[in-house]
Amino acid sequence: MGADHTSRIVGTVWGLLVLNTLGSAGAQTIVPLPRSLIQMVTMGALVAAFALALAVNLRLRIRAGAFLFCLTLLLVPSVISSADLESGFGALFRCARLALFVGTLWLLSRWWDGGLTFVRHHIRMYYAVLGSVAAGLVISPGAALPELYGGRLVGALWPLTPPQIGQYAAVITGLTVLLVLGRRTDRTSAAVVIVPSLVLLALTHTRTATLGLLIGLVLAIGSLVLTSAAARRFFAWAVLCSTVAAVAFSSALQAWFLRGQSQENFSNLTGRAKVWEALLAAPRSTTEKLFGVGLGDKSFGGLPIDNSWLAVYQEQGLTGVALVAAVFIVLGGVALLRPPSLQRACAIFLISYCAIASYTEAGLGDASPYLLHLAVAASLLAAPAAATPLPAPDVPRRHIPRWARRSEVT
């Protein structure tokens, strides 16, 4: 199998994983899509991704790493807490999905070599998703900006929520900016990605994604400042433009940030704090504290938890929280120990973005885009595969006549 053909298959597998993590809950679409049909498509994408990854890696060559090891261990509390069926048979189904998801990442780890291949796959796939969002906005602006979500942008062709769209737009914008600074793409191609993504991000009014983008880029570009003149220039111009914008458009920025909410509603994070307090105050047995109540829909009392750490605590207990924390500690520690490079900067951006988003978004304990972001970071931080030395050719010794050997001696 040729290298180009294999690369296309790996890219297809990554696209199927992205499709699987899009979810099945969201806004009303232009053409109503039954949830059962959406779930069939997303789960079928995961099964197809695993089958393709296995077909292209039949010898099961993998690259062991702490990231995938921690995700594999996360299956233990998930299965233990889901086995008693307290959360229903759906918990076991979600465990099987997580196992298949992690298994596919193990199969793809063979191609994690510290290069930018998966960064480009990531940008292409989420750009295609954002393309469907933009198409829905053009076809039916009313469905894409519904009053139910306060006029925020949603997916009108595929049910995507504003936080999802904001997340995808922020991630590919940040990665593309870093590729430009590293001179791995031209400015025209970068503008085609960055400008529409920022427009869609603004239409979603997603504060978490915006802060994650800004803080993630500051940390990532800061890691390049000492070694890259382009990073220093970009950083200086970004600080100048941000200062001018903050002064000139302070009222407009404040209105966008508040989204028409009262100060009280904003201070309790749009009602999230009440759910978090109730979750932490709920009585739990020792087993539930250690292993959780089983994989569910990331809700408590019928309301979304919207916090990755509390969602993991609810579903996988303190054991799951420790494993997720270990993922960030390992990836962050490896990134800090690596010498400055574009790959390191991209990894820092993805790790910091996921850490910031974890405060108001759930997903770190289950198959989700956040685990895909962290998987890309792990692929960037992987050491390049050592080249196998070619065996020395067996050259037969040439027979030297006796008279020639005598002349060499004399």
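Residues numbered from 1 in each chain as written. Predicted model: local features only at pLDDT ≥ 70, side-chain atom pairs only at ≥ 80, totals over all residues. Heavy atoms only, no water.

Concerning the packing of aromatic side chains
Thought 1: Enumeration over the complete set of coordinates arrives at six aromatic pairs.
Thought 2: Summarising the aromatic geometry, the rings of Tyr 126 and Tyr 168 are spaced 4.7 Å apart at their centres and angled 25° between planes, so their arrangement reads as stacked. Of the two residues, Tyr 126 is situated in helix α5 (residues 117-139) and Tyr 168 in helix α7 (residues 162-181); the sequence distance between them amounts to 42 residues.
Thought 3: A relative accessible area of 0% places Tyr 168 in the buried class.
Thought 4: Centroid distance Phe 349 to Tyr 353: 6.3 Å. Interplanar angle 35°. Geometry classified as tilted. With Phe 349 and Tyr 353 both in helix α16 (residues 342-357) and four residues apart, this pair spans about one turn of that helix. Judged on exposure class, the residue Phe 349 and its partner Tyr 353 are both buried. (Phe/Tyr/Trp six-rings, centres within 6.5 Å; stacked < 30°, edge-to-face > 60°. Helix = DSSP H or I, 4+ residues; strand = E, 2+ residues; numbered from the N terminus. Buried < 20%, exposed > 50% of the residue type's maximum accessible area, 1.4 Å probe, protein only.)

Points about the nonpolar core
Thought 1: In this structure, Trp 14 and Phe 67 are the most contacted members of the largest nonpolar core, which totals 97 residues.
Thought 2: Setting aside chain neighbours within four positions, we find Trp 14 in contact with Leu 105, Leu 108, Phe 118, His 121, His 122, Met 125, Leu 372, Ala 375 and Val 376.
Thought 3: Counting residues in hydrophobic clusters, the runner-up holds seven residues, among them Val 275, Leu 310, Ala 311 and Tyr 313. (Core = buried A, V, L, I, M, F, W, Y, C linked by side-chain atoms within 4.5 Å. Contact = heavy atoms within 4.5 Å.)

Overview of helix α1 (residues 3-20)
Thought 1: When the terminal C-alpha atoms of α1 are compared, their 26 Å separation across 18 residues agrees well with the 26 Å that a helix rising 1.5 Å per residue should span.
Thought 2: Regarding α1, the residues found buried are Thr 6, Ile 9, Val 10, Gly 11, Val 13, Trp 14, Gly 15, Leu 16, Leu 17, Val 18 and Asn 20.
Thought 3: Summarising the contacts, the buried residues of α1 are in contact with α2 (35-56), α4 (89-108), α5 and α17 (369-381). (Expected span 1.5 Å × (residues − 1).)

A short note on the environment of Asn 20
Thought 1: Relative to the assigned elements, Asn 20 resides in helix α1.
Thought 2: Assessed through its relative accessible area of 2%, Asn 20 is described here as buried.
Thought 3: Separated by 18 residues in sequence, Asn 20 and Ile 38 place their C-alpha atoms 9.7 Å apart.
Thought 4: Residue contacts for Asn 20: discarding those within four places in its chain leaves Thr 42, Met 43, Ala 45, Leu 46, Arg 97, Phe 101 and Ala 367.

Focus: the side chain of Ser 352
Thought 1: The topology assignment puts Ser 352 in helix α16.
Thought 2: Classification of Ser 352 as buried rests on a relative accessible area of 10%.
Thought 3: Sequence-distant contacts of Ser 352, defined by excluding residues within four places in its chain, comprise Gly 216 and Leu 219.

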